[in-house]
Amino acid sequence: MAIVTIDWHPDARHLRRWGIITAIALGAVGATFRFVDWGVFAAARPLAPYLWGFGAFALVTAGTGTRAGLPAYWAWMAFAWAVGTTLGTVALGAVFYGVVTPMGVVARLLGRDRLELRPAQGSRSMWRPLPERRHDPERQF
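Not measured: the values here are computed from a predicted model. (Residues numbered from 1 in each chain as written. Predicted model: local features only at pLDDT ≥ 70, side-chain atom pairs only at ≥ 80, totals over all residues. Heavy atoms only, no water.)

### Some points on the packing of helix H1 (residues 12–35) against helix H3 (residues 70–109)
Item 1. For the pair H1 and H3, interaxial distance at closest approach is 11 Å and the crossing angle is 65°. Crossing of H1 against H3: the hand is left-handed. Contacts between H1 and H3 pair His14, Leu15, Trp18 and Leu26 from the former with Leu70, Ala72, Tyr73, Trp76 and Met77 from the latter.
Item 2. When grouped by side-chain class, the residues that make up the contact of H1 with H3 number eight nonpolar, one polar and no charged. (Axes fitted to C-alpha atoms, helices over the stretch in contact; angles between N-to-C directions. Helix = DSSP H or I, 4+ residues; strand = E, 2+ residues; numbered from the N terminus. Left-handed = near helix turned anticlockwise from the far one by under 90°. Contact = heavy atoms within 4.5 Å. Nonpolar A, V, L, I, M, F, W, Y, C, P; charged D, E, K, R; others polar.)

### Describing the environment of valine 36
Item 1. With respect to the helices and strands, the residue valine 36 is situated in the loop between H1 and helix H2 (48–61).
Item 2. Using a relative accessible area of 23% as the deciding quantity, one classes valine 36 as partly exposed.
Item 3. Measuring from C-alpha to C-alpha, the distance between valine 36 and alanine 56 comes to 21 Å, with 20 residues separating the pair along the chain. (Buried < 20%, exposed > 50% of the residue type's maximum accessible area, 1.4 Å probe, protein only.)

### Considerations on H3
Item 1. Its 40 residues place the ends of H3 56 Å apart at the C-alpha level, agreeing with the 58 Å of an ideal helix rising 1.5 Å per residue.
Item 2. At phenylalanine 96, H3 is deflected by roughly 30°, the largest bend along its length.
Item 3. Packed against the buried residues of H3 are H1 and H2.
Item 4. Once H3 ends, the next one or two residues include glycine 111, with phi positive near 85°. (Expected span 1.5 Å × (residues − 1). Bend = angle between axes of the 7 residues up to and from the residue.)

### Focus: the nonpolar core
Item 1. Counting eight residues, the largest nonpolar core is built from Leu15, Trp18, Ala58, Ala62, Leu70, Ala72, Tyr73 and Met77.
Item 2. Contributing elements (two or more residues each) for this core: H1 and H3.
Item 3. Examining the composition of this core, we find that four residues originate from one element, H3, more than from any other.
Item 4. With residues up to four places along the chain from it excluded, the contact list for alanine 62 reads Leu15, Arg16, Trp18, Gly19, Phe57 and Gly69.
Item 5. Ranked by size, the runner-up nonpolar core spans five residues in total, among them Leu26, Phe33, Ala48 and Leu51. (Core = buried A, V, L, I, M, F, W, Y, C linked by side-chain atoms within 4.5 Å.)

### A look at the packing of aromatic side chains
Item 1. Inspection of the entire model under this criterion finds five aromatic pairs.
Item 2. Ring geometry for tryptophan 76 and phenylalanine 79: centres 5.9 Å apart, planes at 50°, overall tilted. In this pair, tryptophan 76 and phenylalanine 79 both sit in helix H3, three residues apart, roughly one turn of the helix.
Item 3. When its relative accessible area of 27% is taken as the criterion, tryptophan 76 is described as partly exposed.
Item 4. By the ring-pair criterion, three or more aromatic residues cluster together here, those being Phe54, Trp76 and Phe79. (Phe/Tyr/Trp six-rings, centres within 6.5 Å; stacked < 30°, edge-to-face > 60°.)

### Concerning the environment of tryptophan 52
Item 1. Relative to the assigned elements, tryptophan 52 resides in helix H2.
Item 2. Taking relative accessible area as the criterion, tryptophan 52 reaches 32% and is therefore assigned partly exposed.
Item 3. Along the sequence, tryptophan 52 and alanine 25 sit 27 residues apart, while their C-alpha atoms lie 9.6 Å from each other.
Item 4. Ignoring sequence-local partners within four residues, the contact set of tryptophan 52 consists of Leu26, Gly27, Gly30, Ala31, Arg34 and Phe35.

### Section: the packing of H1 against H2
The relative placement of two packed helices comes down to the angle between their axes together with the axis-to-axis distance.
Item 1. Orientation of H1 relative to H2, taken along the N-to-C sense of each, is 165°, at an axis distance of 8 Å. If you check the angle between H1 and H2, you find them roughly antiparallel. Here H1 and H2 pass one another in a crossing that is left-handed.
Item 2. In terms of residue class, the contact of H1 with H2 is built from 14 nonpolar, five polar and one charged. (Parallel < 35°, antiparallel > 145°, perpendicular 65-115°, else oblique.)

Below, the structure is given as C-alpha cells:
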C-alpha cells in the first residue's frame, strides 16, 4: 500500500495544469534565487537559469496538454517522490532519535515502568490484582 500515489498517465487537462503551475512556481523560485540578495540564497544563485529553463520546458511541452510533456512530468514526479520520501524518512528518524529515544532513556533511568513489565516485589508471577472499584453502569469510561 502506497501512501502517495502518482498518476503516471495524466490526462491532457491535468498535464496542462501541471505545466502552467510548474512554470509559475519555478519562475518565482528562480527569481528569488537570482534577484533577492539574502545570504541564504547566495549559494543558490547559479541554479536560477536551470529552474527557469525547466519551467519554460514544462510550459512549452506540458502546457499544451500534448503527450510531448510527459517526459518532463515523469522526471518531475520521480524527483518529487524521491525528495519527499527521503525528507520524510529523515524527519521521522530525527524526531524518533532526537525526541522519543531520549525520553525513553530518561524514563528508564528514573525507573519508570508504565507498562508494568517487571514482576511485583517479592513475586514470581506477573499477576497483579485490580484495585477494588465500585462499578457504576452509568459511568463506563
